[in-house]
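# Survey of secondary and tertiary structure
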Amino acid sequence: MRTFILIAAILISVSATAQDRYSQCEDTCAHIHGIDLSHYQGEVFWEAVGENTKMAYVYLKATEGGDWIDDRYENNIELAHLHGLKVGSYHFYRPRTDQRQQLENFKVQCLPGEQDLIPMIDIETTSGLSTDEFCDSLFKFLSLVEEAYKQKPLLYTFTNFYNKHLVGKIDNYKLMIAQYTDTEPVLADERDITMWQYTGKGSIVGVSGYIDKSRFMGQHGLREIRFRH
């Protein structure tokens, strides 16, 4: 079985090299790097991922909206732990779906005893609501998450989405900002950013195809997003 995994990892490595001929961010800087995964990546060879000393953490998609569950989540979180990664879980937020229903969906999957990192809420759409209506919906949900897990979640969104809808409204939350450019993101209000998802087309041995990669900004580090048990 181990031989099969190593052969598969080598094949994936060759494929990754073909997709990405250039140095990747983790090869050229000293920041703390990690990845996020969902069912879209298919089967993951976690032994190979765990052996990558440049990847310190992984955020796994657990749920979306009020009833959708990632069917690879349970297997992924078990094997990610087994192979030494610090693990967190995230929920894709749907503004028009009942907030408490979304919380209950997330809680079924995101069990505190299995978390190394604080929960992350993926915020990418207003679902057609006005900014005020969207923010009212979002803030109610964030309050429920904080009450359930006894700590504020990490918030993930894109630079443009933050600048259009969230400037000055979520100052008390740590942010992971997605911006797929060579330059670090700067938000309209110039607020502090904890983490930067710098590519949606990264590659890594153990995962076939593209993968999202992120890193901590400045002097930020893992201790800041540790799950408090």
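All chains considered together, the criterion is met by six salt bridges. Of the charged contacts in the structure, one is a salt bridge between D136 and K140, with a shortest N-O distance of 3.3 Å. Here D136 and its partner K140 are both found in helix α6 (residues 131-149), four residues apart, which amounts to about one turn of the helix. A relative accessible area of 42% means that D136 is categorised as partly exposed.

By size, the foremost hydrophobic cluster in this structure holds 46 residues, and its most contacted members are L37, W46 and V58. The element contributing the most residues to this core is α6, with eight residues. Contacts of L37, omitting those with residues within four sequence positions, involve V44, W46, V58, Y59, L60, K61, Y90, V207 and I211. Judged by nonpolar contacts, the second largest core, of 14 residues, contains M176, M195, F216 and L222.

Turning to the side chain of R215, a few remarks are in order. Among the structural elements, R215 can be located in strand β9 (residues 207-216). Overall, R215 belongs to the buried group, its relative accessible area being 5%. Within polar-contact distance, the side chain of R215 engages the side chain of E184 at 2.7 Å. Setting aside chain neighbours within four positions, we find R215 in contact with C25, C29, H31, I32, H33, Y57, E184, T194, M195, W196 and Y198.

The rules we used
- Residues numbered from 1 in each chain as written.
- Predicted model: local features only at pLDDT ≥ 70, side-chain atom pairs only at ≥ 80, totals over all residues.
- Heavy atoms only, no water.
- Salt bridge = Lys/Arg side-chain N within 4 Å of Asp/Glu carboxyl O.
- Helix = DSSP H or I, 4+ residues; strand = E, 2+ residues; numbered from the N terminus.
- Buried < 20%, exposed > 50% of the residue type's maximum accessible area, 1.4 Å probe, protein only.
- Core = buried A, V, L, I, M, F, W, Y, C linked by side-chain atoms within 4.5 Å.
- Contact = heavy atoms within 4.5 Å.
- Polar contact = N/O pair within 3.5 Å; in protein donor to acceptor, adjacent residues only side chain to side chain.

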